[in-house]
Structure formats: structure tokens, C-alpha cells
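These are the residues of each chain, in order.
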Amino acid sequence: MEEKKWSIILSVLFLLFVYVLIHFEINARNIENSVQKLQDREVEPKKKLHFVLISQEFDNPYWRKVQEGADVAAEKYGVNVEYIGPLRTSPEEQIKLLEKAIASQVDGIIVQSLDENTFSPVINKAVTQHIPVITIDTDAPKSKRIAYVGTNNFSAGEQLGRVVVEETNGVGKIGVIIGSEKSESQQARLNGFLSIVKKHPKLVVKDIESSNISIIQAKLQTESMLRNNKDISVMVGTSALDAIGILNASKNLKLNQVEIFGFDNIEGTLQAVQDDSIKATVIQKPYEMGFQSVGLLIDWLHGKVINKENFTPTEVVTKETLIRRRNVEN
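Please read these numbers as outputs of a predicted model, since none were measured by experiment. (Residues numbered from 1 in each chain as written. Predicted model: local features only at pLDDT ≥ 70, side-chain atom pairs only at ≥ 80, totals over all residues. Heavy atoms only, no water.)

### A short note on the packing of helix H7 (residues 215–228) against helix H8 (residues 242–252)
What describes two packed helices is the angle between their axes and the distance between those same axes. Condition: All axes here are fitted lines through C-alpha atoms, helices being fitted over the stretch that makes contact, and every angle between N-to-C directions spans 0 to 180 degrees. The helix and strand labels rest on DSSP assignments: H or I over at least four residues marks a helix, E over at least two residues marks a strand, and numbering proceeds from the N terminus. Each angle receives one of four descriptions, namely roughly parallel if under 35 degrees, roughly antiparallel if over 145, roughly perpendicular if within 65 to 115, and oblique otherwise. Definitions for this section: a left-handed crossing has its near helix turned counterclockwise from the far helix by less than a right angle. A right-handed crossing has that turn clockwise. Any pair of residues with heavy atoms lying within 4.5 Å of one another is described as a contacting pair.
Relative orientation of the contacting elements H7 and H8 amounts to 45°, with a least axis distance of 7 Å. Comparing their axes, H8 and H7 come out oblique. Judged by the sense of rotation from one axis to the other, the crossing of H7 with H8 is right-handed. The segment H7 lies against H8, with Ile215, Ala218, Lys219, Thr222 and Glu223 engaging Asp242, Ile244, Gly245, Ile246, Asn248, Ala249 and Asn252.

### Focus on the pairing of strand S9 (residues 259–263)
The condition is simple: For the exposure calls, accessible area comes from a 1.4 Å probe over protein chains only, and a residue counts as buried if that area is under 20% of its type's maximum, exposed if over 50%, partly exposed in between. A pair of strands counts as paired when DSSP detects no fewer than two bridges linking them. When the strands point away from the viewer, a crossover counts as right-handed if the path from the first strand over the helix to the second runs clockwise.
The buried fraction of S9 is high, at four of five residues. Note that strand S8 (residues 234–237) and S9 share three bridges and pair parallel. Note that in S9 the partner of Met235 across the bridge is Ile260. Handedness of the crossover is the feature at issue here: the chain leaves S8, passes through H8, returns alongside S9, and the resulting connection is right-handed. Here S9 runs beside strand S10 (residues 280–283); their pairing, made up of three bridges, is parallel. Residue pairing across strands places Gly262 opposite Thr281, the latter belonging to S10. Handedness of the S9-helix H9 (residues 267–274)-S10 crossover: right-handed.

### Considerations on the pattern of salt bridges
To be explicit about the condition: For this document, the term salt bridge refers to a Lys or Arg side-chain nitrogen within 4 Å of an Asp or Glu carboxyl oxygen.
Within the structure shown, the criterion is met by nine salt bridges. Note that Glu68 is salt-bridged to Lys65, the shortest N-O span being 4.0 Å. Of this pair, Glu68 and Lys65 both sit in helix H2 (residues 61–77), three residues apart, which is roughly one turn of the helix. Of the residues examined, Glu68 reaches a relative accessible area of 38% and is grouped as partly exposed. The class for Lys65 is partly exposed, based on a relative accessible area of 41%. Taking the shortest distance from any N to any O, the salt bridge between Lys304 and Asp299 comes out at 3.8 Å. A relative accessible area of 49% means that Lys304 is categorised as partly exposed.

### Describing the sheet that holds strand S3 (residues 108–111)
Taken in spatial order, the six strands line up as S2-S1-S3-S4-S5-S11 in an open sheet, and their pairing is parallel. Here the strands that pair on one side only, and so sit at the sheet edges, are strand S2 (80–84) and strand S11 (309–311). Strand-to-strand twist of the sheet, defined as the mean angle between neighbouring strand axes without regard to direction, takes the value 20°. Where S3 and strand S4 (residues 133–136) come together, three bridges link them in parallel fashion. Paired with Val111 across the strands is Thr135, a residue of S4. Contacts between H2 and the sheet are confined to strand S1 (50–54), S2 and S4, with S2 contributing the most and set at about 170° to the helix. The strands that helix H3 (residues 91–103) touches are S1, S2 and S3; relative to S1, the one it contacts most, it runs at about 175°.

### Here's the deal with the sheet that holds strand S6 (residues 172–178)
Ordered in space as S7-S6-S8-S9-S10-S12, the six strands form an open sheet in which the pairing is mixed. The open sheet is flanked by strand S7 (203–210) and strand S12 (315–318), the only strands paired with a single partner. The mean angle between the axes of side-by-side strands here comes to 20°, regardless of whether they run parallel or antiparallel. For S10 and S12, the ladder comprises four bridges, and the chain directions are antiparallel. Paired with Val282 across the bridge in S12 is Val316. Against the sheet, H7 touches S6, S7 and S8, its axis set at about 150° to S6.

Set out below in C-alpha cells:
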């Protein structure tokens, strides 16, 4: 009976020993696998940061320049920048793209804010979810955006006003085409322009219409304006495509005496300045906007302090300016 008892005890102890041995082997293998996974992770390249740049209009030449600057910065800093935008100017479509970027949990967003009241809640939603947002070209200062990169639009409007005063000797009837009545940047440019013009009583603004950032609409609005105001001698456009639309309208109506002033430096505008068909244009630096925005997002993500407002320069370009540049290059 005693022997049987000891046999049972020894059997139990043996089974316990086997169990402990097996359990030890399993844990050892699990530890080995975990270590291997960590080593594999160290060997794998780090995942690139993914930023989204939401343009006002996908194929707009101005926004392609912004994209170009962002792409160069992306290459420099080793990040991915996805360029998206509506086919035609549409704040509603921009909002949808912004919501999609938030849902995708991207690492950073660069977006234009055409209407602060509409865009701010969605920008705030992104920031609340720890996605930094930079506004570009048009700001939303009351939102939680981390920074703005772009033109000081009131100052740029003042530049436009000063060149009009200079070229017209402060005399003339003016028609104005702005890109969008809803755009705060366009309103700021217009207000800057008017602040200069109002100082010259012989310069009178006869009418102001919107092109909705469209050459065709700029042309149609200009034709209507010139037919209804035959004393207009000066036409001013405040967005990238306005001056070309104005020029097409004046040619169509055979009103070559109308002096045209524009904004931005798309190829057609600069060529028209060279040909003296457009008297002057105030150019922005969209390439610099794109480049700076990417760099600022990276600085922010690395814990650096960045400026809330980052104004990119503007300059007035006339035929004389282009001639001087060509002479320097040659």
C-alpha cells in the first residue's frame, strides 16, 4: 500500500515536471518570436508621414504652383504629400475632401479656407483629433489651425491700387472683377485696393462683379460691365484668371483702349504684360506657400514653435520689370 502511494506521488511529480518543462519551452519560444519581431521592426524603414494638400481647384495653374512647392518640400523632408481638390471651385467639395482626410487619419492637412464660418468647425474637428491643420492662401484665424501661410491680401490689394494710380495718373473710371464674393482673401484684396483708390477723387469705381475663379465668367462679367458702363477706362482683376478673362472681353468688344490690371503670374498673364495688353499684375509666391507649409507641419510635429502667420511676398510686375529681368538673365 505504501509503495502504491509513493508511485502515485512520483507520477504526479513527473507530470508536474513535464508540464513545467513544456510551459517553459512555450514561453521561451514566445519571447524569441517577440524579440525577432522587434528586430524585424528595426530593420523595416519608418513609415513616411502622410500630408494632404487640398486646393481650391485641381488644375488651376496657381494651385499647381502650390503643389510644385509642396512636392519639392516633400522630397526634401522625406514625406508624402497628397494633392487633391475639386475640379471646379466649390467650398462644399473642399469640405468633403477635408472630412475625408480627417477620416483617413492623415498626419497633417494643408487647406484653403474660402469661408471661415464654414471651414472653421471642420478644421477644429481635425485638430481635436490631433491632426495639425495649416491654412494656405486664405486664412481662418478664428479656427484652431496651427498656422497660416500665404499673402497678406490687404497689403497686396494696396499694391494693386498704387500701381493703378501710378499708371493712370490717378484719373479714370474703374471696373473690378473679384474672384469670389465669399472669399475673405478676395474681399481683403478688394478692400486694400479701394483704400488706395479712395484717396484719389478722380479715380471712381463704377462696378464690382465676381468671376467665381473662371476665365469664362470673368469674360462674361466684363463684357456686361463694359456695355453698361461705356465710360470705364480701367479694368482690374483680383484673382489669377480674371485679367485674362478681362482681356478676352476687351478684345471681343474691340475696346483696346481699356487699361487692364491683374493678379498672379500665370503664363498667359505674363505674356500679356510683355505684349503691353495688360499694364501690370501683382504676383504672389504660390510655390513658396506650398514649400513653407510642408516645412511648418514637420516643425510642428517635431515639437518646434512656429509662427501663427507666415506671409509670403508679393511684387508688382510690369513690362519694364520683365525687360529688366531679361537683361539681367542675358
